[in-house]
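Chains, contacts and geometry: an overview
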Amino acid sequence: MSGLVKFLLFLPALAFCGDVDWANIATAMFQQIDDNKDGMINVTEIDHHCKNYDINGDGMISKDEYTNAIVAALGRNKAVLSIVDKLMDELDYNGNEHLDKTDSDKLYAVIKGVDKEVYQQDFTEWFLLAVSLVNQEQGEKTK
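Residues numbered from 1 in each chain as written. Predicted model: local features only at pLDDT ≥ 70, side-chain atom pairs only at ≥ 80, totals over all residues. Heavy atoms only, no water.

A few words on the overall build of the chain. Secondary structure summary: the chain contains seven helices and two strands in total. Ordering the α and β elements of the chain from the N terminus gives α-α-β-α-α-α-α-β-α. Out of the 143 residues belonging to the chain, those deemed buried represent 38%. The contacts of the chain with a sequence gap of at least 6 include a subset with a gap of at least 24, amounting to 57%. (Helix = DSSP H or I, 4+ residues; strand = E, 2+ residues; numbered from the N terminus. Buried < 20%, exposed > 50% of the residue type's maximum accessible area, 1.4 Å probe, protein only. Contact = heavy atoms within 4.5 Å.)

What follows deals with empty space enclosed by the protein. Summed over all chains, the structure comprises two cavities of 30 Å³ or more. Its boundaries defined by the atoms lining it, the largest cavity holds a volume of some 260 Å³. Taken together, 23 residues form the lining of the largest cavity, with Cys-50, Tyr-66, Leu-91, Leu-99 and Leu-107 sitting closest to its centre. Looking at the lining of the largest cavity, the elements that each hand over two or more residues are helix 2 (22-33), helix 3 (43-53), helix 4 (63-74), helix 5 (78-91), helix 6 (101-112) and helix 7 (120-142). Grouping the amino acids of the lining of the largest cavity by side-chain chemistry returns 18 nonpolar, two polar and three charged. (1 Å grid on protein atoms, 1.4 Å probe; cavity = no way out; pocket = protein on both sides within 12 Å on 5 of 7 lines; lining within 4 Å. Points joined across faces, edges and corners; volume = space filled by probe spheres on them. Nonpolar A, V, L, I, M, F, W, Y, C, P; charged D, E, K, R; others polar.)

This brings us to unusual backbone geometry. Even without being glycine, Lys-37 reaches a positive phi, approximately 55°. Relative to the helices and strands, Lys-37 is located in the loop between helix 2 and strand 1 (40-41).

For the largest pocket, the calculated volume is near 160 Å³. Listing elements by their share of the lining of the largest pocket, those giving two or more residues are helix 3 and helix 6. Its residues assigned to classes, the lining of the largest pocket shows four nonpolar, two polar and five charged.

As a working rule, side chains carrying opposite charge can pair if their charged atoms are close by. Inspection of the entire model under this criterion finds three salt bridges. Between Asp-89 and Lys-63 there is a salt bridge, with its nearest N and O atoms 2.9 Å apart. Linking Asp-89 in helix 5 with Lys-63 in helix 4, this pair joins segments that are 26 residues apart in sequence. On the accessibility criterion, Lys-63 (31% relative accessible area) is partly exposed. Here Lys-101 makes a salt bridge to Asp-105, at a shortest N to O gap of 2.7 Å. A residue pair is termed a helical-turn pair when its members lie 3 or 4 positions apart in one helix, as Lys-101 and Asp-105 do in helix 6 at four residues. Judged by relative accessible area, which is 43%, Lys-101 ranks as partly exposed. (Salt bridge = Lys/Arg side-chain N within 4 Å of Asp/Glu carboxyl O.)

With that out of the way, let us pick up the side chain of Asp-54. In this fold, Asp-54 is placed in the loop between helix 3 and helix 4. Of the side chains with opposite charge, Lys-51 lies nearest to the buried Asp-54, which makes no salt bridge, at 8.6 Å. There is a polar contact of 2.7 Å between the side chain of Asp-54 and the backbone nitrogen of Gly-59. Sequence-distant contacts of Asp-54, that is, excluding residues within four places in its chain, are made with Gly-59, Met-60, Ile-61 and Glu-65. (Lys, Arg positive; Asp, Glu negative; His and termini not counted. Polar contact = N/O pair within 3.5 Å; in protein donor to acceptor, adjacent residues only side chain to side chain.)

Structural measurements only, silent on function.
See below:
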C-alpha cells in the first residue's frame, strides 16, 4: 500500500498514542525543520535538517544516527524509543536501511500531496499517521 493511500485511509487516526503528546512533538519538529520560519517547509529545508542527523557525513542517516538525533531532540522517553526503529523503517522508502536523498524526496512528495508547499498541518497529519501506523503494527505483532 502506498504512503498516500495509507495517509488517506488512516487520516482519522488517533492524535495521541500512549502517554506522549505526538501532536506537540510534530509541531516542535516542524518548527525545527522550518529554517526560514515562513510556516512552510520545502525539500531544501528537509534535506538541510536531514544533514544534521548525518553525523559521519556519508550522505545517509543510519538507525543509530537517527535514534541519537531523536533522543537528543525529544529526550530519552520509553514511548518515543519504542517506535524510533519503526518510524525509521517507515521513512526508508527505498529499503536500503539508511535514510538518504531519495527518501527525503519521497517523504516530501508524500507529505505535500498535491500542494506545492508543506504547511504545519500537513506535516502534523503525516507525522500522526506514521505514529499511528507504527503503533498499529506493534499491536498486531503482540496479538
